[in-house]
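Each chain, letter by letter, is given below.
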Amino acid sequence: MNTGDLFGAAAVPVRAEEPLAEGACLLRGFALPWQTALLEAVDDITARAPFRHLTTPGGLRMSVAMSNAGALGWISDRRGYRYTARDPDSGLPWPPLPHAFLQLAKAAAARGGFTDFTPDACLINRYRPGDRLTLHQDRDEREHIHPIVSVSLGLPAVFLFGGLQRGELALRVPLAHGDVVVWGGPARLRFHGILPLKPGAHELLGEQRINLTLRKAG
Ligand code: MD6
Ligand code: FE
């Protein structure tokens, strides 16, 4: 069993969850005990399925670079957004979900009030300074009854947390290394995004932010 970094686990008391909306909460520092295992796993995954800039259905290159792990991976191209069982760049299945991802996702979902969450997909986003993710909904999963667990690593970012309609005013939630957002139930289809990443250097990750979103897609 991979229990992550036990020294980190001992040094970082788990704080109270901070509600963002009904069905969504922020768990500050929740991923810190797993950070070493998570970063090693991201390196393994992206050695096999390298980060790439996907194209939107409208033909725009996304500034955020993406990869996936799990039985299903999220992609975008001129034909639309969807989940695939194989990496279109290599023709190979996506690398399997690492145990640390699964363990963290289950623990975080339970803290957010969602028991029995077993993800089958993890989208890995890499932001460099200036990169952003415009407001969107996550709606390509087969069902929307399962939550999403989102893990922030590296440089801090501002998460835009909107409503169920695109035009609604969005909250601005600062996210730091190790923070986890759990997001489901009535919040599951809220619009959200990431403001352009500010320049900086993180002690472990350098000039980048990595976000893991764990989902049950199939
Ligand atoms: C990011 N996150 O934090 C992008 N989606 O880099 C997402 O798009 C996201 O954080 C669904 C639920 C939680 C998220
Ligand atoms: Fe999203």
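A brief structural summary. This one's a predicted model, so the numbers in the text were calculated from it and none came from an experiment.

Cut-offs applied
- Residues numbered from 1 in each chain as written.
- Chains lettered and ligands numbered in written order.
- Predicted model: local features only at pLDDT ≥ 70, side-chain atom pairs only at ≥ 80, totals over all residues.
- Heavy atoms only, no water.
- Near = heavy atom within 4 Å.
- Polar contact = N/O pair within 3.5 Å; in protein donor to acceptor, adjacent residues only side chain to side chain.
- Areas by Shrake-Rupley, 256 points an atom, 1.4 Å probe, with all protein chains shown as cover.
- Helix = DSSP H or I, 4+ residues; strand = E, 2+ residues; numbered from the N terminus.
- Nonpolar A, V, L, I, M, F, W, Y, C, P; charged D, E, K, R; others polar.
- Salt bridge = Lys/Arg side-chain N within 4 Å of Asp/Glu carboxyl O.
- Buried < 20%, exposed > 50% of the residue type's maximum accessible area, 1.4 Å probe, protein only.
- Expected span 1.5 Å × (residues − 1).
- Contact = heavy atoms within 4.5 Å.
- Pairing = 2+ DSSP bridges.
- Axes fitted to C-alpha atoms, helices over the stretch in contact; angles between N-to-C directions.
- Core = buried A, V, L, I, M, F, W, Y, C linked by side-chain atoms within 4.5 Å.

### Observations regarding the site of ligand 1
Near ligand 1 you find 14 residues, and of these Y127, D138, S150, H192 and R209 are the closest. Measuring from a nitrogen atom of ligand 1, one finds a side-chain N or O atom of H192 at 2.7 Å. A total of 340 Å² of accessible area belongs to ligand 1 in isolation, and the protein chains cover 99% of it. Elements with a contribution of two residues or more to the shell around ligand 1: β6 (121-127), β7 (133-136), β8 (148-154), β12 (192-194) and β13 (209-215). Considering each element in turn, the shell around ligand 1 owes the most residues, three residues, to β13. Residues of the shell around ligand 1, tallied by class, amount to six nonpolar, six polar and two charged.

### A short note on the pattern of salt bridges
This model, assessed by the stated rule, comprises nine salt bridges. A salt bridge links R28 to E18; the shortest N-O distance between them is 2.7 Å. Within this pair, whereas R28 is found in the loop between β2 (24-27) and α2 (35-48), its partner E18 is found in strand β1 (residues 18-21), the two being separated by 10 residues in sequence. Here E18 falls in the partly exposed class, since its relative accessible area comes to 31%. With its nearest N and O atoms 2.7 Å apart, the salt bridge here joins R82 to D77.

### Notes on helix α3 (residues 99-111)
In a regular helix each residue adds 1.5 Å, so 13 residues correspond to 18 Å; α3 covers 18 Å between its end C-alpha atoms and thus fits that length. Contacts made by the buried residues of α3 are with β2, α2, β6, β8, β11 (180-183) and β13. G113 lies just past α3 and shows a positive phi near 95°.

### Concerning the sheet that holds β7
Within the open sheet, the four strands sit side by side as β7-β12-β9-β10. Their pairing is antiparallel. At either end of the open sheet lies a strand with only one pairing partner, and these are β7 and β10 (171-175). Going from strand to strand, the sheet's axes swing by 20° on average, the running direction of each strand aside. Judged from the five bridges that link them, strand β9 (residues 157-161) and β10 form a sheet pairing that is antiparallel. Residue pairing across strands places F161 opposite L171, the latter belonging to β10.

### Notes on the nonpolar core
Among the nonpolar cores identified, the biggest contains 32 residues, and L38, F101, V149, V151, V180 and L212 are the most heavily contacted of them. Breaking this core down by element, the ones donating at least two residues are β2, α2, α3, β6, β8, β11 and β13. In contact with L212, not counting residues within four places along its chain, are L38, V42, F101, C122, L123, I124, V149, S150, V151 and L153. Core analysis: the second largest hydrophobic core is formed by 28 residues, F161, W183, L197 and A217 among them.

### Here we look at the side chain of E141
Structurally, E141 is set in the loop between β7 and β8. Among the residues examined, E141 registers a relative accessible area of 4% and is labelled buried. A polar side-chain atom of E141 sits 2.8 Å from a polar atom in the side chain of R188. Separated by 2.9 Å, the side chains of E141 and R215 make a polar contact. Not counting chain neighbours up to four residues away, the residues in contact with E141 comprise Y83, R188, R215, K216 and A217.

### As for the pairing of β13
For β13, the tally of buried residues reaches seven of seven residues, placing the bulk of the element in the interior. Both faces of β13 are covered, namely the face carrying R209, N211, T213 and R215 and the face carrying I210, L212 and L214. Here seven bridges tie β6 to β13, and the two strands are oriented antiparallel to one another. Of the residues in β13, the one forming a bridge with N125 is N211.

### Focus on the pairing of β8
Counting buried positions along β8 yields seven of seven residues, so the element is predominantly enclosed. Relative to β11, β8 runs antiparallel, the two sharing four bridges. Within the sheet, the bridge partner assigned to V151 lies in β11 and is V180. Of the pairings in the sheet, the one linking β8 to β13 comprises six bridges and is antiparallel in character. Looking at the pairing, L153 lines up with I210 of β13.

Function cannot be inferred from these measures alone, as they are strictly geometric.
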